[in-house]
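Structure assessment
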Amino acid sequence: MTPFSARSNAMPPPSTNTPAYTIKSRIIHANKVVIPTQRYDLKPPRGLVADDLRMPNFVKPQEMMALLTDTPNYNPSRLAITHGLVKTEFAFVFPAIDEQWRRAAGPQNRITRQFQGGDVFAQATIAVHVLHADRPLEKNKLSEKLFVVIWEHELLHVLDDIEIMRDWLPEKVRDDEWVKKYMTEARELDESSFDHYIRKDKLTPWLRDGFWQEERNRRAAIRDAPARYAELNEAIANIRSRM
Ligand SMILES: [Zn+2]
């Protein structure tokens, strides 16, 4: 057994160059109205909480098309009609930029910034859109059923988006080159890079396009695999035929 003191001696000395930081997930629902599960006999996927169940935003077909065209990796030839869509905005947020990025003047008055640690937020703003034609109508059980079939599917994407932020991204983001260099190792960042990545928030698209989007697409492809999509479309057609 190695005595504790010997072990701790072998560890690198504490250094201001390795700041402690925590990446926390922050979920914002763009849809505002919370719907109790019993209202529509909804069976939400395990992993979502009551607060995650928000009334979707109902859109006309042309609005849905516009939302879809704006979606990366969307393949328009695949689907005839899109009944629902989850749009999620990713952001990487430093809640106190000036405290978290210390400004220092080096030789020849060269201004640099150095990361000081603290909390950083991996933020997802989630919006669920469903076709207006699929909305639940008062005293119309079949319209409620139709809506629930579509909503339950969209909630799987919501769950993915939440789990990506909560369970996947905080660890994964530490492997990113930029994060490793300028956050974990706290290397000096010149003022123009700081301005670009932090002030102008270009770190967000860097991380979003770098790997968040890829993971999101990977999970969406599983949810929307042809067999599962056919099942959903069949369920929709089934209810529609009885309406
Ligand atoms: Zn889907």
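An account of the accompanying structure is given in this report. (Residues numbered from 1 in each chain as written. Predicted model: local features only at pLDDT ≥ 70, side-chain atom pairs only at ≥ 80, totals over all residues.)

**Re the overall build of the chain**
The helix and strand inventory of the chain stands at nine helices and seven strands. Classification of the 243 residues of the chain by burial places 22% in the buried group. Within the chain, counting contacts between residues at least 6 apart in sequence, those at least 24 apart form 76% of the total. (Helix = DSSP H or I, 4+ residues; strand = E, 2+ residues; numbered from the N terminus. Buried ≥ 20, exposed ≤ 12 C-beta atoms within 10 Å, placed from the backbone. Contact = placed C-beta atoms within 7 Å.)

**Focus: the nonpolar core**
In terms of nonpolar packing, the biggest core is built from 37 residues, with Val158, Met165 and Leu169 touching the most fellow members. Within the residue set of this core, elements represented by two or more residues are β3 (84–93), β6 (118–131), α5 (141–172), α6 (177–184), α7 (191–199) and α8 (203–223). Ranked by residues supplied to this core, first place goes to α5 with 11 residues. Every residue in contact with Met165, bar those within four places of it in the chain, is listed here: Ser25, Ile27, Ala122 and Ala124. (Core = buried A, V, L, I, M, F, W, Y, C linked by C-beta atoms within 7 Å.)

**A few points about the pairing of strand β5 (residues 111–115)**
As paired elements, strand β4 (residues 101–105) and β5 share five bridges and run antiparallel to each other. Each bridged residue has a counterpart across the sheet, and for Arg102 the counterpart in β5 is Gln114. Hairpin connection of β4 to β5: five residues between the antiparallel strands, including Gln108 at a positive phi of 55 degrees. In this sheet, strand β7 (residues 189–190) lies alongside β5 in antiparallel orientation, the contact comprising two bridges. Counted as the bridge partner of Thr112 is Asp190 from β7. (Pairing = 2+ DSSP bridges.)

**Some words on the packing of α5 against helix α9 (residues 226–242)**
Each pair of packed helices gets described by two things: the angle between the helix axes and the distance between those axes. Relative to each other, α5 and α9 sit at 170 degrees, their axes nearing to 9 Å. One finds that α5 runs roughly antiparallel with respect to α9. Contacts between α5 and α9 involve Leu142, Lys145, Leu146, Val149, Ile150 and His153 from the former and Leu232, Ala235, Ile236, Ile239, Arg240 and Arg242 from the latter. (Axes fitted to C-alpha atoms, helices over the stretch in contact; angles between N-to-C directions. Parallel < 35°, antiparallel > 145°, perpendicular 65-115°, else oblique.)

**Brief notes about the sheet that holds β7**
A sheet is described by the order of its strands in space; here three strands give the open sequence β4-β5-β7, paired in antiparallel fashion. Edge positions in the sheet fall to β4 and β7, since each has one partner strand and no second.

**Thoughts on unusual backbone geometry**
Even without a glycine there, the phi angle at Lys139 is positive, about 50 degrees. Mapped onto the fold, Lys139 is located in the loop between β6 and α5.

**Overview of the packing of α5 against α8**
The N-to-C vectors of α5 and α8 enclose an angle of 140 degrees; their axes lie 10 Å apart at closest approach. Our classification of the angle between α5 and α8 gives oblique. As for how α5 packs across α8, the hand of that crossing is right-handed. Residues Leu156, His157, Asp160, Asp161, Ile164, Trp168, Leu169 and Lys172 of α5 touch α8, and the partners they reach there are Phe211, Trp212, Glu215, Arg216, Arg219, Ala220 and Arg223. Of the residues contributing to the contact of α5 with α8, the split by class is seven nonpolar, one polar and seven charged. (Left-handed = near helix turned anticlockwise from the far one by under 90°. Nonpolar A, V, L, I, M, F, W, Y, C, P; charged D, E, K, R; others polar.)

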